[in-house]
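In case you want the letters, here they are:
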Amino acid sequence: MSYIAMTEKNQEIVELLKPMGLTENDAAVYIFLLERGQPFGGSKIAGRLELHRQYVHNSLQKLLTLGLIEEIPSGARTQYKALPPQYITHLAKRQLETAEHAARELSYISAIGAEQDFEVFRGTRQILDFEERFVHSLPENITQYIIGGNCEAFMDFFGDHYEENSRIAESRGLKSKFIAATSDIPYMKRAQAVLSNFEYKVLDMLPKSVVSTVVRFDTVTFYSFANPALLYIIKSKEVSEDYKKFFDMLWNMAK
């Protein structure tokens, strides 16, 4: 298979890998090694993919750093072998941890006093008030995309407000797609009993976390259930589109 003649299916996989930080060249090298399942040297990879050797070298170093391939000694030269596709989940986990750290650090950005494209709500009262305003102002028939990881903390925080807010959201046709951790399954079943337009998938490697990420409209919202509880809303079409791609990638990996 040449890079130029990449199949339509492989091109779809390339697009799924881009939100993970891989370029087309990186993805092509990784797919090449996955399909063959055996070690290859950089020169052979470059020849088969019809890519410049330096591009292949750069991609191999990046894939090594990301933990997606391994080096195999072969005499005086080094060969490279792909690690199983499940290792992508480790990369996704690291990205989720990075997102959580970014969410916590956003509160410091707001202290500089300049106008920012985000809002911050602190404490139980502010967040509950925001949620009430949000569900009452919902446009009809929109979809929200949620990356969870600790539904227990979510339910403990919202308590009785969850049922009321869910009823209002349901009346406005809100659709929800939720990526859950294994420990979240009982809460997913409860949500399905309340919301008719609720889908979920389970990602085994999704870490249990104090932060939930929600993509809706042109915003990304981070719910942090640490003490004190914090809610960050990033208002950016570009950021929301990137997180939506990230969600789609995880959704395709989940089951």
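The following refers to the structure shown. Remember, predicted model here, so these are calculated numbers, not experimental data.

1. A closer look at the overall build of the protein chain
So, step 1. Helices and strands together make up the secondary structure of the protein chain, namely 10 helices and 10 strands.
So, step 2. Counting every position in the protein chain, which comprises 255 residues, the buried fraction comes to 45%.
So, step 3. Partitioning the contacts of the protein chain with sequence separation of at least 6, the portion at a separation of at least 24 is 63%.
So, step 4. Accessible area for the protein chain stands at about 13,400 Å²; split by element, carbon and sulfur atoms hold 50% of it.

2. Looking at the nonpolar core
So, step 1. Within the largest apolar cluster, 46 residues are counted, with the highest numbers of intra-cluster contacts made by Leu33 and Ile45.
So, step 2. The residues touching isoleucine 45, leaving out its near neighbours within four places in the chain, are Val29, Phe32, Leu33, Phe40, Val56 and Leu60.
So, step 3. Grouped together as the second largest cluster of nonpolar side chains are 29 residues, Ile142, Ala169, Tyr223 and Phe225 included.

3. Some points on the packing of helix α6 (residues 123-136) against helix α8 (residues 161-171)
So, step 1. Orientation of α6 relative to α8, taken along the N-to-C sense of each, is 20°, at an axis distance of 9 Å. The orientation of α6 relative to α8 falls into the category roughly parallel. Both α6 and α8 take part in a crossing whose hand is left-handed. From α6, Leu128, Glu131, Glu132, Val135 and His136 reach across to α8, where they touch His161, Asn165 and Ile168.
So, step 2. Each residue belonging to the contact of α6 with α8 can be placed in one class, and the counts come to three nonpolar, three polar and two charged.

4. What to know about the side chain of serine 212
So, step 1. Position of serine 212 relative to the elements: it lies in strand β8 (residues 211-216).
So, step 2. Those residues in contact with serine 212 that lie beyond four places of it in its chain are Ile147, Gly148, Thr221, Phe222, Tyr223 and Phe225.

5. Looking at a negative patch on the surface
So, step 1. Judged by side-chain charge, Asp218, Glu238, Glu241 and Asp242 come together as a negatively charged surface patch.
So, step 2. Within the secondary structure, glutamate 238 sits in helix α10 (residues 237-253).

6. What to know about the packing of aromatic side chains
So, step 1. The tally for this structure, following the rule as stated, stands at 10 aromatic pairs.
So, step 2. Judged by centre distance (5.1 Å) and plane angle (75°), the ring pair of phenylalanine 32 and phenylalanine 40 falls under edge-to-face. The exposure classification of phenylalanine 32 matches that of phenylalanine 40, with both residues buried.
So, step 3. Plain terms: the ring middles of phenylalanine 178 and phenylalanine 198 are 6.1 Å apart, the flat faces sit at 40° to each other, and that makes the pair tilted. One end of the pair, phenylalanine 178, is in strand β6 (residues 175-180); the other, phenylalanine 198, is in strand β7 (residues 198-202), and 20 residues separate them in sequence. Each member of the pair, phenylalanine 178 together with phenylalanine 198, is buried.
So, step 4. Members of the aromatic cluster, joined through ring pairs, are Phe121, Phe130, Phe134 and Phe217.

7. A look at the environment of tyrosine 87
So, step 1. Looking at the secondary structure, you find tyrosine 87 in helix α5 (residues 87-109).
So, step 2. We classify tyrosine 87 as partly exposed; its relative accessible area is 33%.
So, step 3. Between the C-alpha atom of tyrosine 87 and that of leucine 66, which follows or precedes it by 21 residues, the distance is 9.3 Å.
So, step 4. Once residues lying within four places of it in the same chain are set aside, the contact partners of tyrosine 87 are Gly67 and Leu68.

8. What to know about the pattern of salt bridges
So, step 1. A full pass over the atoms with the stated rule returns six salt bridges.
So, step 2. Between lysine 62 and aspartate 26 there is a salt bridge, with its nearest N and O atoms 3.0 Å apart. Of this pair, lysine 62 sits in helix α4 (residues 53-66) while aspartate 26 is found in helix α2 (residues 24-36), placing the two residues 36 residues apart along the sequence.
So, step 3. Across the pair aspartate 129 and arginine 125 runs a salt bridge whose closest N-O atoms are separated by 3.1 Å. With aspartate 129 and arginine 125 both in helix α6, this residue pair falls four residues apart, about one helical turn.
So, step 4. Judged by its relative accessible area of 28%, aspartate 129 falls in the partly exposed class.

9. Notes on the pairing of β6
So, step 1. Pairing analysis gives five bridges linking strand β5 (residues 143-147) to β6, with the strands arranged parallel. When the sheet's bridge partners are listed, tyrosine 145 is paired in β6 with lysine 177.
So, step 2. Sheet analysis places β6 next to β7, joined by five bridges and oriented parallel. In the sheet register, isoleucine 179 faces β7, and the bridge partner there is lysine 201.
So, step 3. A crossover links β6 with its parallel partner β7, the connecting element being helix α9 (residues 185-194), and its sense is right-handed.

About the thresholds
- Along each chain, the written sequence defines residue order, and numbers are assigned to residues from 1.
- Totals for whole chains, interfaces and linings use all residues, but because this is a predicted model, local features are given only for residues with pLDDT of at least 70 and pairs of side-chain atoms are given and counted only at 80 or more.
- Note that the side-chain values use all heavy atoms of the structure and ignore hydrogens as well as water.
- Only DSSP runs of H or I reaching four residues or more are called helices, and only runs of E reaching two or more are called strands; each is numbered from the N terminus.
- Any residue under 20% of the maximum accessible area for its type is buried, any over 50% is exposed, and the rest in between are partly exposed; the area is computed with a 1.4 Å probe on protein chains only.
- The contact criterion used throughout is that any non-hydrogen atoms of two residues lie within 4.5 Å.
- Accessible areas in this description were obtained via Shrake-Rupley with a 1.4 Å probe; residue shielding takes into account the shown protein chains only.
- In plain words, nonpolar cores are sets of buried Ala, Val, Leu, Ile, Met, Phe, Trp, Tyr and Cys residues tied together by side-chain atoms within 4.5 Å.
- Fitting a line to C-alpha atoms yields each axis, with helices limited to the stretch in contact; the angle taken between N-to-C directions then spans 0 to 180 degrees.
- These descriptions rest on fixed angle ranges, namely under 35 degrees for roughly parallel, over 145 for roughly antiparallel, 65 to 115 for roughly perpendicular, and the rest for oblique.
- By definition, turning the near helix anticlockwise from the far helix through less than a right angle yields a left-handed crossing, and turning it clockwise yields a right-handed one.
- In this count, Pro and Cys sit with the nonpolar residues alongside Ala, Val, Leu, Ile, Met, Phe, Trp and Tyr, while Asp, Glu, Lys and Arg are called charged and the others, Gly among them, polar.
- What makes a patch is a set of residues exposed beyond 30% relative accessible area and free of salt bridges, joined within 9 Å when like-charged and within 5 Å when nonpolar (Val, Leu, Ile, Met, Phe, Trp, Tyr).
- Here a salt bridge means any side-chain nitrogen of Lys or Arg lying within 4 Å of a carboxyl oxygen belonging to Asp or Glu.
- Charged residues are defined narrowly, with Lys and Arg counted positive, Asp and Glu counted negative, and His plus the chain ends left uncounted.
- Throughout, a charge is located at the NZ atom of Lys, the CZ atom of Arg, the CG atom of Asp or the CD atom of Glu.
- Under the pairing criterion, centres of Phe, Tyr and Trp rings, with the six-membered ring standing for Trp, must be within 6.5 Å; the plane angle then separates stacked pairs below 30 degrees from edge-to-face pairs above 60, leaving the rest tilted.
- Strands are treated as partners if at least two bridges between them are detected by DSSP.
- For the handedness criterion, the strands are oriented away from the viewer, and a crossover whose path from the first strand over the helix to the second runs clockwise is classed as right-handed.

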